[in-house]
Amino acid sequence: GGTVRFEDVRFAYDPEREILKGVTFEVPAGRTVAIVGPSGAGKSTLSRLLFRFYDVSEGRITIDGQDIRQVTQDSLRAAIGMVPQDTVLFNDTIAYNIRYGRPGASDAEVEEAARLAQIDGFIRATPHGFRTEVGERGLKLSGGEKQRVAIARTILKAPPILVLDEATSALDSHTEREIQSALDRVSEGRTTLVIAHRLSTVVGADEILVLAEGRVAERGSHAALLAKG
Ligand code: ADP
Ligand code: ADP
């Protein structure tokens with residue numbers, strides 16, 4: 001399962017200013033849909049509504065046909081994983097930070113997730129450069145490395161639905177490619193909503209929606225949208 005639908009969703013943070021003016025789309029189970037559009041278009045707002053950080057003003061969001069307002073916060077959290085733009089890590093080992101995705105995971109599972117996210121090699125170090133209880137020196141992680149820890153955590157959690165908030169623009173292109181391949185790995189076979197900043201990063205999406213002024217202005221494959229310019 002894991003089909004996500006937004007049905008004529010309207011939303012305003014402030015009643016004077018409607019951000020989403022009737023947004024309808026579906027992410028079929030196991031498929032990837034990307035949302036692109038200018039800054040301020042409401043892309044991140046869509047993911048906040050899916051997590052119920054806010055509730056829709058009108059319309060509804062469903063998972064497998066069930067309105068998310070009828071789902072407990074715990075099951076919503078279990079069903080959806082997020083790789084955020086900015087990952088805040090616990091001041092503990094990288095392994096601890098990865099295991100947070102699924103506390104019961106074995107060491108071998110943590111190591112496998114770290115390997116898939118290409119963050120293995122220093123999982124016993126800490127993110128901020130402090131000494132760990134095992135006596136190793138920690139190291140200071142770059143933004144890209146922190147994002148890969150978040151990816152490893154999500155690989156371990158293995159939720160049926162994923163939200164990827166891509167903010168790879170601040171990263172150098174080598175790191176960006178590495179992150180992209182790790183993200184591709186984590187989204188394989190899962191219902192995935194990608195919040196993207198550039199069309200170039202979502203070539204593999206099954207459908208791309210262009211959000212503009214609170215509405216879906218265009219939709220299509222990467223090739224179709226490129227052809228339209
Ligand atoms: P995007 O992700 O496409 O850049 P956002 O969803 O973050 O856009 O924001 C859409 C609009 O909502 C923007 O105009 C933004 O300023 C506004 N906005 C975002 N968060 C809040 C908030 N917490 N309170 C009020 N306005 C907000
Ligand atoms: P988890 O316990 O799943 O690792 P958190 O406790 O960090 O995650 O957050 C609860 C849920 O909200 C998670 O699915 C998480 O990824 C998501 N989440 C965290 N930060 C944001 C954010 N800025 N925007 C949207 N969703 C977020």
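Above this text sits the structure in question.
Source: prediction; values computed, not measured.

Undergrad: Tell me about the overall build of the protein chain, and name the residues and values.
TA: In terms of regular secondary structure, the protein chain is built from 7 helices and 10 strands. Here the C-alpha radius of gyration of the protein chain, 18 Å, is about what a compact globule of 229 residues would show, namely 17 Å. Out of the 229 residues belonging to the protein chain, those deemed buried represent 46%. Here the contacts in the protein chain between residues at least 6 apart in sequence split such that 66% fall between residues at least 24 apart. Put simply, the protein chain shows about 11200 Å² of open surface, and 47% of that area lies on carbon and sulfur atoms.

Undergrad: So, the sheet that holds strand β7 (residues 161-165): which residues are in play, and what are the values?
TA: The strand order β6-β7-β8-β3-β9-β10 describes an open sheet built from 6 strands, whose pairing is mixed. Sheet topology places β6 (80-83) and β10 (215-220) at the edges, where each strand pairs with a single neighbour. The sheet shows a mean angle of 20° between the axes of neighbouring strands, direction not considered. Relative to the sheet, helix α5 (residues 143-157) contacts β6 and β7, its axis offset from that of β6 by approximately 165°.

Undergrad: How would you summarise the site of ligand 2 if you had to cite specific residues and measurements?
TA: Around ligand 2, the structure places Phe51, Phe53, Arg77, Ile80, Met82, Tyr100 and Lys157. Here an oxygen atom of ligand 2 and a backbone polar atom of Met82 are 3.4 Å apart. With respect to ligand 2, the side chain of Lys157 contributes an N or O atom lying 2.7 Å from an oxygen atom. Protein contact buries 69% of the 530 Å² of open area that ligand 2 shows by itself.

Procedures and definitions
- Residues numbered from 1 in each chain as written.
- Chains lettered and ligands numbered in written order.
- Predicted model: local features only at pLDDT ≥ 70, side-chain atom pairs only at ≥ 80, totals over all residues.
- Heavy atoms only, no water.
- Helix = DSSP H or I, 4+ residues; strand = E, 2+ residues; numbered from the N terminus.
- Rg over C-alpha atoms; globule rule 2.2 N^0.38 Å.
- Buried < 20%, exposed > 50% of the residue type's maximum accessible area, 1.4 Å probe, protein only.
- Contact = heavy atoms within 4.5 Å.
- Areas by Shrake-Rupley, 256 points an atom, 1.4 Å probe, with all protein chains shown as cover.
- Pairing = 2+ DSSP bridges.
- Axes fitted to C-alpha atoms, helices over the stretch in contact; angles between N-to-C directions.
- Near = heavy atom within 4 Å.
- Polar contact = N/O pair within 3.5 Å; in protein donor to acceptor, adjacent residues only side chain to side chain.

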